[in-house]
Structure formats: C-alpha cells, structure tokens
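Structure assessment
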There are 2 protein chains.
Amino acid sequence: MNPASPAIDTARVTALLERGRTLATPVLRAAVNRLAPPMDAVAAYHFGWIDVDGRPTAGDGGKAVRPALALLSAEAAGAAPEVGIPGAVAVELVHNFSLLHDDLMDGDEQRRHRDTVWKVHGPAQAILVGDALFALANEILLELGTVDAGRATRRLTLATRKLIDGQAQDISYEHRERVTVEECLEMEGNKTGALLACAVSIGAVLGGADDRTADILEKYGYHLGLAFQAVDDLLGIWGDPESTGKQTWSDLRQRKKSLPVVAALAAGGPASERLADILAADAKKSETEIADFTEEEFASRAALIEEAGGREWTSEEARRQHATAVAALDEVDMPEQVRAQLVALADFVVVRER
Amino acid sequence: MNPASPAIDTARVTALLERGRTLATPVLRAAVNRLAPPMDAVAAYHFGWIDVDGRPTAGDGGKAVRPALALLSAEAAGAAPEVGIPGAVAVELVHNFSLLHDDLMDGDEQRRHRDTVWKVHGPAQAILVGDALFALANEILLELGTVDAGRATRRLTLATRKLIDGQAQDISYEHRERVTVEECLEMEGNKTGALLACAVSIGAVLGGADDRTADILEKYGYHLGLAFQAVDDLLGIWGDPESTGKQTWSDLRQRKKSLPVVAALAAGGPASERLADILAADAKKSETEIADFTEEEFASRAALIEEAGGREWTSEEARRQHATAVAALDEVDMPEQVRAQLVALADFVVVRER
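Computed from a prediction, not measured in an experiment: that's the story for all the values here. (Residues numbered from 1 in each chain as written. Chains lettered and ligands numbered in written order. Predicted model: local features only at pLDDT ≥ 70, side-chain atom pairs only at ≥ 80, totals over all residues. Heavy atoms only, no water.)

**Remarks on the packing of aromatic side chains**
Tallied over the full model, the rule gives seven aromatic pairs over all chains. On the numbers, 5.5 Å between centres and 55° between planes, the contact of A:Phe293 with A:Phe298 is tilted. Summarising the burial analysis for this pair, A:Phe293 and A:Phe298 share the class buried. A centroid spacing of 4.7 Å and a plane angle of 20° characterise the contact between B:Phe97 and B:Phe134, whose relative ring orientation is stacked. Here the residue B:Phe97 occupies a position in helix α4 (residues 85-106), and B:Phe134 occupies one in helix α6 (residues 123-142), the gap between them amounting to 37 residues. Comparing B:Phe97 with B:Phe134 shows no difference in burial state: the two are buried. Each residue in the set A:Phe97, A:Phe134, B:Phe97 and B:Phe134 is aromatic and connected to the rest through ring pairs, giving one cluster. In this arrangement the basic side chain of A:Arg66 is found over the ring face of A:Phe228, its NZ or CZ atom lying 5.9 Å from the centre. Positioned above the aromatic ring of B:Tyr45 is the side chain of B:Arg114, whose terminal nitrogen or guanidinium carbon lies 4.1 Å from the ring centre. (Phe/Tyr/Trp six-rings, centres within 6.5 Å; stacked < 30°, edge-to-face > 60°. Buried < 20%, exposed > 50% of the residue type's maximum accessible area, 1.4 Å probe, protein only. Helix = DSSP H or I, 4+ residues; strand = E, 2+ residues; numbered from the N terminus. Lys NZ or Arg CZ within 6 Å of the ring centre and 35° of its normal.)

Written out as structure tokens, the structure reads:
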C-alpha cells in the first residue's frame, strides 16, 4: 500500500510477534479463566478462543503487537523478556476492555471477521466483561506486590484515562461538521498512542527502569501509535475487507472524522470543497440512510478524499510519526539488539495490511 | 421500620457521616475535575453537584457511609483520619462507576430522585464516565507511590471484581424462575459486601496495617454490607418513595430476586405457593406488561411476600449480619473510641429508611 515504506525484516518481526503471543497468551488465558461464568466464556469468545457455540477455535487473536513490545520493553531495561509478561497481559486486557466498550458505543457489529460481543451476548455482557478485564489488568500487575508493579499500574491507569478521553473525543467528532487535523491527531494520540506507549514502558518499569527511561520509551511508543493509527485510518477506507475483517469503506459508513478525511477537508481546492459539501449533506442524513448507500456512493467519497490529497497526506504522516518514533530510541541506552528489534517492529507497523 | 433494632446514637452517626463528607468531597471533586469535558460535567451531574442544565445544586450526594468508614478505618490502624481520604475517594469512585454501569444495564431511569445518566446523557456517556471513574480510583491511590498504596489498590481491585461478579449474578437471576437464599446472599455479598468491606480496610492499609488486621476489618465490613443490603431489599419493596428516591415497589417492578422474595419462596406454605404461581406467571410476561401493572397488583404481591414470612426473615437477617459484623470487631485491637464509632455506624445501617 505504501511503496516508499521501509523494507521490513519479515522473519525478525514474525519471530517477535510469535514470541509475544507464545509467552503472553497462556498467562492471559489463565487471567481470563479467573472470571466467573458466563463472563469467562464471553471473554473467551471476544478473544477468539471459542466460537458462538462455545467450541474451541484456532482463533485470530489479532496482531499481538503490544505483547511483543512489552517483552522488548523489559529487555530494553536489561531484564529478561519474561519480566515483561504481566505487563504484556495487563496491556492486552486494557486494550480488549476498550474494544468491548467501544464496539458497543460505536454500534460496530463486526470485529476480526466475527460478530462483536454486544451483538452476540447483548450490551450488558459487553459492559460487564469490559469492566472485568480492566479490573483484571490491575490485579495481574498488583499481585506482584512490588513498588515497580505499583509504578507500572499507575502508568497503565494514566494511559487508560487517555484511551477513554480519546474515545470521548472520537464520539463527539462524529457529530461535528468540522474537525481540525490537530484535533484528530490529539484524539488518535489518546486513543491509540497512549496505550502503545504504555506497552513500550511497562516491561522496562517492571524491570526496574527509572522514570526518564520509561518516558523516552513511551515517546517511541506514542509516535509508533500515531503511525499505527494513520495506517489504520488508511485501511479503514481503502483496506481489503478480506484482510481487515471489517466492512468495505468501514470508517466512511460510520462517518468517522479520520485523518484522511480531515486532511482532505483542510487541503482546500475543488475536490476538498466538493467533499465538504457532500459530507455536510451526509451529516444531515440518518444512520439508516447512510447504511443504504451503494458501494459506488462510498467509492466516490473515497475518490474525492484521495483527489484532495487526504490519502497521500496520511501516508506521509505515518512515515513522519515512524521517523519520530525511531529517532526517540537514540535518546536512551539499550542493548543494540533490542533497539534493532524495536526499529523492525516500527517498520512493520507502517506497512501492514491488516 | 424495625422495632427490635438497636437504639442509634444519632448525633454520633450524623457527625461521622458529616466528617466523611467534609473531608472526602473536596478531594473527590478535584479528582472528577481531572476528567476532560464533557465527562467532567456528566460525572458532576451523576454526583448531584449540578442539574441537567449545568447549574450548581445543593445536591444529595447519598448517605456517604463509605467515606465515613474509610476514615474510621485509618483510625482503627492508629493513623490520622486524613490518611484514609484517598481510600475514601477511591471507594466512592468505584461505587459510582458501578452505579453508572448498573443503571444502564438494569434500565433504571431514576436514582436519588433524578433521571439517571444514561437517560439524560445517553448510554455512551454512562459507559465512558463509569470507565473513567474506575480509572480515577486507581490513579488517586497509586499516585501516593507507596507499597501500602499498591496493597490498597489491589484490595480495591479485588473488591471491584466481586462487585462485577455480583452484578452478573443479579442480571442472570432476573431471568431464572428460582433462586436460593444462599445464591441471593452470595450475590449480595459480592455486590454490596465486598466494596463496603474494602471501605473498612482501605484506610487501615494506607495507615500501614498488616494483612490480618485488614482482613478482620473486611469481615466487619462484609457483614455490615450484607446487613445494609438486607435493609435495602426491604426498602426496595416497602420503602417510602419520598425517602428512597425510587419508584414504589421498585424491586418488584424489575422482578428482582431480592432477599424477601427468595425467602418467601423458600418458606413453603399456602402464601409461599400462591406467590410462586403468581411470579411464575409474571416471568412469562413482557417488561411492558409488568410496567403496566396497577399499584394494587404490586401491593398484592408485596402482601403475599410478607404473609409468607419474607419480610420478617429479611429483617432478622439484617440483625444477624449486624451482630456478626459487630462481633468481628472484637478480633482486632483498636482504640475503644474507634470501635464504638464503628458499632454506631453498624447500628445506623440497619435502622435507616433511605
């Protein structure tokens, strides 16, 4: 999707993601098993471990970028990767708490090619299981009983508050006609950057890193999160449903003020102005009317966004954030091998297609 | 409502509740002010600090039993009451997080004589602000940065998980024809006992108490919570709407399997059997049909519950739990003055009418 992207070291990235999954998943499953029925089964369905009828599935647990980062984070502080495991699990729990609640608030019916929890098990289970995963995240960290576990939990809590701020902004922007590029970036920094930043500091904090080191690692993670989200915004309009597991034109169906849209509206020029007129008219329509749009109607909006430069600007923004993230790594001492792996993961994030 | 209840020391209880309110409320307000708009205003509305139009109100912040307990908890460990303030605030934040989510899940339209948050601001704000209050609770405690703050947060997290378990049980029981007295007590122990228990240990833990002391204080708090809930269940059927701020026959309207109901069903005899038949028929009706019941239809169900002994059994259960709570206080050393105040609060809980 992005010809000028960095060449990625596929084998290295695959191994890193695989290590994160292998080390974190058993602990994540054991944590989820602490939930009382039926919440344990609802959570297992959400994570893709069982199907609607409760049968075990091969499962698509997502990309698992965050666990991979949390383990590297421990290594960045000179600790063993295993030291980052509770952090990896806690971050995954918070991430999935937010998915459960956001899917309900946003009315999203599909995630990872499957019906969302509120759609299958009802809104109450989506709320309850989300709440329970958030509590579990703190539990997993705090039962370590150390001062560093308290520091890690505090960082996770602050990241979670930003996540919530971002979702609140995201919701409010859907009802506004105009959102600036700056507002959109702030929202995405809260919604995606903060938790990814925490994934990159949490292992180091559990490994005894000082606050300065943790802050720099978070800087890398924050900008990586913005790069990640810029790519997500591209996939949300132009992604292949087969790869993303979402509907075609997913973000356009929800009238999301994502980066390509706000950048196109801010660009000026004939395509930008026509887009603005069309979206202003769309804003007056009901959700049902939007849902009834033909593929061609969505395609023509996507074409205008591209013509106004929104697609290209967002691709460049992903590269800018990637560069800022990678540059931050130079501000802190860490084993060269770990630095190279963090760079490889950053490269992967900007070229992924799902 | 309860002629055989202990005589309460009204002046002492009033002073304790007032002290809890006076010391905790400014810190609680400052915490809520950290929320980004519009969540800060939604939370302020929920707490009763502003009205629907954003105007400051005199406000009915609830009974404030939990903050009073958290300050006494610090004193039980020999610390100053102020040491318990972050604990008092954190417990209030978790309590109100659960109210926001539970009101939405239960479809409750009124709380404390006012429309609930989801009714005024919509489901998304009820979810988001609930999430934010939960996160804030951890934030307030963990920014103390001590090992004891980590211990306190862990206890609060475990209590929150029980709270969630209790709400899950409560929801599932509404769809079941029969719930045993034991199941009901377990649910109420989770839903009310666990957080009240935490309120009674959290100040002590922040004041450096060991785990044994904290566990005994939690035992007092847990049984106090069960006494509290038994009284709530009586008020949920026979309470005066003017005092409770809820509709008449509130729990019957929701077909809650509360203690008086399950005790009446378990009692056997003609009234119990007639009640069982009527409730089994009610279970097949739609929510709208139940909502359309006349006052007399609810009153006749309440009369059957009383005739079958459910009201008397629940009153006695409140007294039994009160006695177990007060007895637990003898297992731990604490200043006599503090013990007397904890007893006075326990006495208050079982005779209150709101």
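**What to know about the relation of the copies chain A and chain B**
Superposing chain A onto chain B takes a rotation of 180° combined with a translation of 0.0 Å along the rotation axis, leaving an RMSD of 0.0 Å. Both copies of the chain, as the preceding transformation shows, are related through a two-fold rotation axis. By residue overlap, the copies meet face to face through one surface: 100% of the interface positions of chain A are interface positions in chain B. (Least-squares fit on C-alpha atoms with pLDDT ≥ 70 in both. Contact = heavy atoms within 4.5 Å.)

**Re the side chain of A:Ser272**
All names here are of chain A. Among the structural elements, Ser272 can be located in helix α13 (residues 270-283). Overall, the relative accessible area of 2% leaves Ser272 in the buried class. Separated by 3.2 Å, the side chain of Ser272 and the backbone nitrogen of Gly268 make a polar contact. Setting aside its immediate chain neighbours within four residues, Ser272 contacts Ala264, Leu265, Ala267 and Ala308. (Polar contact = N/O pair within 3.5 Å; in protein donor to acceptor, adjacent residues only side chain to side chain.)

**Some words on the environment of B:Ala323**
Take B:Ala323: it is sitting in helix α16 (residues 310-328). With relative accessibility at 44%, the residue B:Ala323 sits in the partly exposed group.

**Description of the interface of chain A and chain B**
At the interface, 32 residues of chain A touch 32 residues of chain B. Between chain A and chain B, a total of about 2900 Å² is buried, with carbon and sulfur atoms accounting for 74% of that surface. Of all residues in chain A, A:Leu128, A:Leu142 and A:Arg161 bury the most surface against chain B, accounting for 19% of the area lost on that side. Our count for the contact surface shared by chain A and chain B stands at four salt bridges. Between A:Glu139 and B:Arg161 there is a salt bridge; the shortest N-O distance is 2.6 Å. Connecting chain A to chain B are four residue pairs in polar contact (both at pLDDT 80 or more). Only α4 (85-106), α6 (123-142) and α7 (147-174) of chain A provide two or more residues apiece to the side of chain A that touches chain B. A total of twelve residues in the side of chain A that touches chain B trace back to one element, the largest contributor, which is α7(A). (Buried area = accessible area lost by both parts, 1.4 Å probe. Salt bridge = Lys/Arg side-chain N within 4 Å of Asp/Glu carboxyl O.)

**Some words on empty space enclosed by the protein**
Following the criterion strictly, the structure yields three cavities of 30 Å³ or more and no others. Around the largest cavity, the lining residues are A:Tyr45, A:His46, A:Leu100, A:Asp103, A:Arg111, A:Arg112, A:Arg114, A:Asp115, A:Thr116 and A:Val117. (1 Å grid on protein atoms, 1.4 Å probe; cavity = no way out; pocket = protein on both sides within 12 Å on 5 of 7 lines; lining within 4 Å. Points joined across faces, edges and corners; volume = space filled by probe spheres on them.)

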